[in-house]
Amino acid sequence: MNATLTLPRRRPLSALFDEMFGDLYTPQQRERRGSLPAMNVAETNEAFRLSFEFPGVAREDVSVEIDGDQLVVSAERKFESEKQEGESYHRVEHRYGKFARSVTLPADVDAERIDASFKNGVLTVTLPKCAPSEMKKIEIRGE
């Protein structure tokens, strides 16, 4: 008599997390998370460079601001209908509206020298680093 032992099939850990926590976000929250502009962050000895994708957004509809220790990048993609007379949309999947993203500035950034440029739908923000501080000896006083 041959007995076959069948082990339960193992599921990937990500599937278990999706099953347990997948409904924590409402569809609207998932939509908002997906509307953040994509961002790349690079670092050199002299600066941090952040680039954000804004396809279909005009430069004048993009804003970069400093609020305390936060770099706030915001933009608006306006709906511009190109429809012809007598034409109506059945589906619109392009994203439109206002969106913003905040990034905490590293402590060693020189906020006075931050630079931003916009080319081909990509915003590049350069965050120059402060000059490294030199070690300072502190004199210890006696009583």
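Use the structure listed above.
What counts as what
- Residues numbered from 1 in each chain as written.
- Predicted model: local features only at pLDDT ≥ 70, side-chain atom pairs only at ≥ 80, totals over all residues.
- Heavy atoms only, no water.
- Pairing = 2+ DSSP bridges.
- Helix = DSSP H or I, 4+ residues; strand = E, 2+ residues; numbered from the N terminus.
- Axes fitted to C-alpha atoms, helices over the stretch in contact; angles between N-to-C directions.

### What about the sheet that holds strand 1 (residues 39-43)?
- Overall, antiparallel pairing links the four strands, which are arranged 1-2-7-6 in an open sheet. Pairing within the sheet leaves two strands with one partner each, and these edge strands are strand 1 and strand 6 (115-119). Going from strand to strand, the sheet's axes swing by 15 degrees on average, the running direction of each strand aside.
- With five bridges connecting them, strand 6 and strand 7 (residues 122-128) associate as antiparallel partners. Bridged to Phe-118 within strand 7 is Leu-123.

### Things to note about the environment of Lys-119
- The topology assignment puts Lys-119 in strand 6.
- Separated by 60 residues in sequence, Lys-119 and Arg-59 place their C-alpha atoms 8.2 Å apart.

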